[in-house]
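Next come the chains, spelled out residue by residue.
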Amino acid sequence: MCKALSRITRIGLMVISLVIVVFLWTSGGLSDDHRTAKGWLEKKEKHRSSPFSRDDKGNETAGQVAAWLLAAANLPVTVSVLIKRINRIQSLGSGLKNALMRFNRYQKNHLMRFHYVVNPLVLGVALWHWLSSRCRSTVLPEWGLIVLVALVVLGLIVKFKLCPPILRKSIYRLHTQPLVLLTMVTVLTLGHLLID
């Protein structure tokens, strides 16, 4: 049964990766062309600004807050993964490995709660940012937001055990898959570069 779930997880990741590659490839054709002589002037008309601002910068502050919060919320996870990778190096002494493991346990006990609380907050800020500064020139930020929503929902399912026990391991693997996070960051970065 576990092999079947592992296979389903791998197939799901391949499908998600394929869909993202297709959208990355086709997003240029879906976007409006800003390279014409009037393109830079017309670009302003393609953005929907926040109702609270007079200029057409959208809500850049919310976007920056979401990005910094995302980095801060996932710092304990990044540190934990790095420590586990470093501990695999054979030439490290056992004293250093034990010290790294103790530090990893300490930081996970004290900092992982921020991962659980701040990531849903990041989703709220990112949704506010998207609603206040949507742009029709590319669909990549929307796809990055969809991946963010999926990661947060999967994380909540894992944290609160909202699924049958037989599916928890597969959902955990999907939630902790570095490729998914890297894809989300890449899609969001490319989308924002195309908009700017």
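### Here's the deal with the overall build of the chain
Line of reasoning, step 1. When helices and strands are counted, the chain shows eight helices and zero strands.
Line of reasoning, step 2. Taken from N to C terminus, the helices and strands of the chain fall in the order α-α-α-α-α-α-α-α.
Line of reasoning, step 3. Expressed as a percentage of its 196 residues, the buried residues of the chain come to 32%.
Line of reasoning, step 4. The long-range share in the chain, meaning contacts at least 24 apart out of those at least 6 apart in sequence, stands at 75%.
Line of reasoning, step 5. With the model as given, the accessible surface of the chain reaches about 13,300 Å², and the carbon-plus-sulfur share is 69%.

### Some thoughts on helix H3 (residues 60–73)
Line of reasoning, step 1. A rise of 1.5 Å per residue sets the reference length of H3, with its 14 residues, at 20 Å; its end C-alpha atoms lie 20 Å apart and thus fit the reference within 8%.
Line of reasoning, step 2. Those residues of H3 lying buried are Ala62, Gly63, Ala66, Leu70 and Ala73. Summarising the axial view, the buried residues of H3 lie within an arc of 105 degrees, below the 170-degree limit, and thus occupy one face. With respect to the buried face of H3, the exposed residues turned more than 90 degrees away are Thr61, Gln64 and Trp68.
Line of reasoning, step 3. Tucked into the core, H3 has its buried residues touching helix H4 (75–87), helix H5 (94–132), helix H6 (140–160) and helix H8 (178–195).

### What to know about the environment of Ile171
Line of reasoning, step 1. The topology assignment puts Ile171 in helix H7 (residues 165–175).
Line of reasoning, step 2. Overall, Ile171 belongs to the buried group, its relative accessible area being 16%.
Line of reasoning, step 3. For Ile171 and Ile157, which are 14 residues apart along the polypeptide, the C-alpha to C-alpha distance reads 8.0 Å.
Line of reasoning, step 4. Ignoring sequence-local partners within four residues, the contact set of Ile171 consists of Leu154, Ile157, Val158 and Cys163.

### A short note on the environment of Ala150
Line of reasoning, step 1. Within the fold, Ala150 resides in helix H6.
Line of reasoning, step 2. Residue class for Ala150 comes out partly exposed when judged on its relative accessible area of 36%.
Line of reasoning, step 3. C-alpha separation for the pair Ala150 and Val180, spaced 30 residues apart in sequence, amounts to 9.8 Å.

### Details of the nonpolar core
Line of reasoning, step 1. In this structure, Leu148 and Met184 are the most contacted members of the largest nonpolar core, which totals 16 residues.
Line of reasoning, step 2. Residues in contact with Met184, not counting those within four places in the same chain, are Leu70, Gly144, Val147, Leu148 and Leu151.

### Digging into the packing of H6 against H8
Line of reasoning, step 1. Following both chains from N to C, one finds H6 and H8 inclined at 155 degrees, their axes separated by 7 Å at the closest point. With respect to H8, the element H6 is oriented roughly antiparallel. In the packing of H6 onto H8, the handedness of the crossing is left-handed. Seen from H6, the contacting residues are Leu140, Pro141, Trp143, Gly144, Leu145, Val147, Leu148 and Leu151; seen from H8, they are Val180, Leu181, Met184, Val187, Leu188, Leu190, Gly191, His192, Leu194 and Ile195.
Line of reasoning, step 2. Across the contact of H6 with H8, the residue classes tally to 15 nonpolar, three polar and no charged.

### A look at the packing of H4 against H5
Line of reasoning, step 1. At their nearest, the axes of H4 and H5 sit 9 Å apart, and the two run at 160 degrees to each other. Here H4 lies roughly antiparallel to H5, going by the angle between them. In terms of crossing hand, the pair formed by H4 and H5 is left-handed. For the pair H4 and H5, the contacting residues are Pro76, Val77, Val79, Ser80, Ile83, Lys84, Ile86 and Asn87 in the first and Lys97, Leu100, Met101, Phe103, Asn104, Gln107, Lys108, Leu111, Met112 and His115 in the second.
Line of reasoning, step 2. Broken down by class, the residue content of the contact of H4 with H5 amounts to 10 nonpolar, five polar and three charged.

### Some details on the confidence of the model for the chain
Detailed reading of predicted coordinates is not advised where the pLDDT is low.
Line of reasoning, step 1. Predicted confidence across the chain gives a mean pLDDT of 79, with 70% of residues reaching 70 or more.
Line of reasoning, step 2. For the chain, helix H2 (residues 39–46) is the element with the lowest average pLDDT, namely 43, and H7 is the one with the highest, namely 94.
Line of reasoning, step 3. Predicted confidence for residues 29–45 stays below pLDDT 50, and this span has 17 contacts to residues more than four positions away or in other chains.
Line of reasoning, step 4. Low pLDDT, under 50, characterises residues 49–56; the stretch is placed with 11 contacts to residues that sit more than four places away or in other chains.

### Thoughts on the packing of aromatic side chains
Line of reasoning, step 1. Applying the stated rule across the entire model yields zero aromatic pairs.
Line of reasoning, step 2. Seen from the ring of Tyr116, Lys159 lies directly overhead, with NZ or CZ sitting 4.3 Å from the centre.

The rules behind these values
Residues numbered from 1 in each chain as written. Predicted model: local features only at pLDDT ≥ 70, side-chain atom pairs only at ≥ 80, totals over all residues. Heavy atoms only, no water. Helix = DSSP H or I, 4+ residues; strand = E, 2+ residues; numbered from the N terminus. Buried < 20%, exposed > 50% of the residue type's maximum accessible area, 1.4 Å probe, protein only. Contact = heavy atoms within 4.5 Å. Areas by Shrake-Rupley, 256 points an atom, 1.4 Å probe, with all protein chains shown as cover. Expected span 1.5 Å × (residues − 1). Arc of directions from axis to C-beta. Core = buried A, V, L, I, M, F, W, Y, C linked by side-chain atoms within 4.5 Å. Axes fitted to C-alpha atoms, helices over the stretch in contact; angles between N-to-C directions. Parallel < 35°, antiparallel > 145°, perpendicular 65-115°, else oblique. Left-handed = near helix turned anticlockwise from the far one by under 90°. Nonpolar A, V, L, I, M, F, W, Y, C, P; charged D, E, K, R; others polar. pLDDT = per-residue confidence, 0-100. Phe/Tyr/Trp six-rings, centres within 6.5 Å; stacked < 30°, edge-to-face > 60°. Lys NZ or Arg CZ within 6 Å of the ring centre and 35° of its normal.

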